[in-house]
Amino acid sequence: GGNALLVAVGLGIVFLLFSGSFFFVLKFALVRELDKDLLAAKYQLQAYTDKCQCVYSQPQINGVQVTYELTGQQPTAPNFQLVEQYDPTAQQTHNYRKLVYFLRAGRDMYKVRLSIDLQRINRLSGMVGVITILGILGIVIASLMANQFLLHRLWLPAHRKRAATG
């Protein structure tokens, strides 16, 4: 009784720790993939600007929102940020992954903001997390049931033999 409860509590703790760490690692990996998408958009915009000496006129490129601000600031290194931003389409604020960098087009310097809504990533990581947790929980339950029923039956003849010879 007591050992079984201790094993169940231990498995529960390991299960929760593994599930939590998996969720954070998954989230980290998905954010890194977004960073790659933002960098790809940055390189596409740079190629476009180098070709025509003007800025890209569309508000999106490959699903990445693009905004420009004409500026006199000195360029700084590109930086990634997690920010809350108002989405006029949904009329609410969402979390965004944003890349801010500077771009020269002809004689003008622009501060460029590339951003991707994290809502898709949150839904995806939540769905994968739930599926993973349910899968691990199913494996744990199946293992405990197998231990309880199958192994008990396999060892029962040995126990009877030992008890009989005593």
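Residues numbered from 1 in each chain as written. Predicted model: local features only at pLDDT ≥ 70, side-chain atom pairs only at ≥ 80, totals over all residues. Heavy atoms only, no water.

**So, the packing of aromatic side chains**
Thought 1: The tally for this structure, following the rule as stated, stands at four aromatic pairs.
Thought 2: Where Phe23 meets Phe24, the ring centres are 5.8 Å apart and the plane angle is 75°; that geometry is what we call edge-to-face.
Thought 3: Residue Phe23 is classed as partly exposed on the basis of its relative accessible area of 30%.
Thought 4: Here the aromatic rings of Tyr48 and Tyr56 are separated by 5.3 Å at their centres, their planes lie at 90°, and the arrangement is edge-to-face.
Thought 5: The class of Tyr48 is partly exposed, set by a relative accessible area of 33%.
Thought 6: Overall, the relative accessible area of 22% leaves Tyr56 in the partly exposed class. (Phe/Tyr/Trp six-rings, centres within 6.5 Å; stacked < 30°, edge-to-face > 60°. Buried < 20%, exposed > 50% of the residue type's maximum accessible area, 1.4 Å probe, protein only.)

**Concerning a nonpolar patch on the surface**
Thought 1: On the surface, Val130, Leu134, Leu137, Ile141, Met145, Phe149 and Leu150 cluster together into a nonpolar patch covering about 680 Å² of accessible area.
Thought 2: For Leu137, the position within the fold is in helix H2 (residues 119–165).
Thought 3: Residue classification places Leu137 among the partly exposed positions, given a relative accessible area of 34%. (Patch = residues over 30% accessible without salt bridge, like charges linked within 9 Å, V, L, I, M, F, W, Y side chains within 5 Å. Areas by Shrake-Rupley, 256 points an atom, 1.4 Å probe, with all protein chains shown as cover. Salt bridge = Lys/Arg side-chain N within 4 Å of Asp/Glu carboxyl O. Helix = DSSP H or I, 4+ residues; strand = E, 2+ residues; numbered from the N terminus.)

**Quick notes on the pairing of strand S5 (residues 108–117)**
Thought 1: The element S5 is largely enclosed, with a buried count of eight among its 10 residues.
Thought 2: Examined bridge by bridge, strand S2 (residues 64–71) and S5 share seven bridges and lie antiparallel to one another. Bridged to Tyr68 within S5 is Val112.
Thought 3: Sheet analysis places strand S4 (residues 92–105) next to S5, joined by 10 bridges and oriented antiparallel. Bridged to Val100 within S5 is Arg113. (Pairing = 2+ DSSP bridges.)

**Observations concerning the pairing of strand S3 (residues 79–87)**
Thought 1: Looking at chain direction, S3 and S4 are connected through nine bridges and run antiparallel. Bridging across to S4, Phe80 finds its partner in Leu99.
Thought 2: Linkage of S3 to S4, two consecutive antiparallel strands, is achieved through a turn of four residues, within which Gln91 is found at a positive phi near 55°.

**Notes on the state of the cysteines**
Thought 1: Evaluation of the coordinates by the stated rule reveals one disulfide.
Thought 2: Here Cys52 engages in a disulfide with Cys54; their sulfurs sit 2.3 Å apart. Torsion about the S-S bond of the Cys52 and Cys54 cystine: about -100°, corresponding to left-handed handedness.
Thought 3: According to the relative accessible area criterion, Cys52 is partly exposed, its value standing at 33%. (Disulfide = S-S within 2.5 Å.)

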